[in-house]
Amino acid sequence: MSEKLPVLLVQMGRPPVDIRNAVGDQPSWFEAALKHPEVELKIVRPFLDEPLPAPDTFQAAVITGSWSMVTEHEAWSERTAEWIKQVVAAGTPLFGVCYGHQLMAYALGGRVDYHPQGSEVGQLQVELNAAGQKDPALGHLPPAFAVFLSHEQSVLELPPGAVCLGASSHDANQIIRYTPSAISVQFHPEFTSTVMNKIIASRSERAALKGKDKQALLSEVSGTPEARAILQRFVLPSA
């Protein structure tokens, strides 16, 4: 039997210090969500100029969120966008989260920018459309379910050939299917309620929280098991 390849976690930056000190760094959130005896999680950090591996050296990849913006076109982000094209062309399974969702859409020909109606933060509902309810990655889910969100930019136009699978009342492109092996979500399936609460309460999130009632947002946080299940079913053998 050949040795099983690792699952690649592409870390797109680090949380602000106050968030990191309180609830840890992004890899620990994904490690907790994806803990499984048959899964080895390998972390690569393009923002530290670590090289991105060839698509045939991992079984699947997950691209994390970020506190950067896709439209800043940072060199490490643009390099990752080129790598995304290679991974998708090779047919290696690829899953994007928040910044990863936006970067996949951008890399494959979509448009990403600040949302005209501002940021989306907290625990909110996503509804699957007809395509989403039939999608093999989502068919086990109810038509609407809770998700954790924290973003200022959005996918405003889909790439050619991509299909939207679900939306929130704020954001029309919450889940995107690009190919049979590539999918991304605007929300954060790796967040726990503790992480979401800290982001809402954090002073470092002033821009995203401008004009929003922190206490109301905090009171709505409970949990998002269906959202987490999407990530787990993509990666874990028995999920």
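Residues numbered from 1 in each chain as written. Predicted model: local features only at pLDDT ≥ 70, side-chain atom pairs only at ≥ 80, totals over all residues. Heavy atoms only, no water.

(A) The arrangement of the overall build of the protein in detail. If you tally the helices and strands in the protein, you get 9 helices and 11 strands. For the protein, the spread of C-alpha atoms along the principal axes amounts to about 55 × 40 × 35 Å. Burial status across the protein gives 53% buried among its 239 residues. Put simply, of all contacts in the protein between residues at least 6 apart along the chain, 74% involve residues at least 24 apart. Carbon and sulfur atoms provide 52% of the accessible area of the protein, an area that totals close to 10400 Å². (Helix = DSSP H or I, 4+ residues; strand = E, 2+ residues; numbered from the N terminus. Buried < 20%, exposed > 50% of the residue type's maximum accessible area, 1.4 Å probe, protein only. Contact = heavy atoms within 4.5 Å. Areas by Shrake-Rupley, 256 points an atom, 1.4 Å probe, with all protein chains shown as cover.)

(B) Examining the environment of Leu52 more closely. Summarising the element assignment, Leu52 is placed in the loop between β2 (41-44) and β3 (60-63). Put simply, Leu52 and Met196 are 144 residues apart on the chain and 29 Å apart in space, counted from C-alpha to C-alpha. Filtering out sequence-adjacent residues up to four positions away, Leu52 remains in contact with Val10, Val44, Pro46, Arg79, Thr80 and Trp83.

(C) Here's a closer look at the sheet that holds strand β1 (residues 7-10). Within the open sheet, the 9 strands sit side by side as β2-β1-β3-β4-β11-β10-β9-β6-β7. Their pairing is mixed. The open sheet has two edge strands, β2 and β7 (144-151), and neither has a second partner. Between one strand axis and the next, the sheet turns through 25 degrees on average, direction left out of account. Pairing analysis gives 3 bridges linking β3 to strand β4 (residues 94-97), with the strands arranged parallel. Bridging from a neighbouring strand, Ala61 pairs with Leu94 of β4. Lying on the sheet, helix α6 (residues 193-201) is in contact with β6 (120-128) and β7; it crosses β7 at an angle near 40 degrees. (Pairing = 2+ DSSP bridges. Axes fitted to C-alpha atoms, helices over the stretch in contact; angles between N-to-C directions.)

(D) Molecular detail of the state of the cysteines. Applying the stated criterion to the full structure yields 0 disulfides. Left unpaired, Cys98 is separated from the closest cysteine sulfur, that of Cys164, by 16 Å. (Disulfide = S-S within 2.5 Å.)

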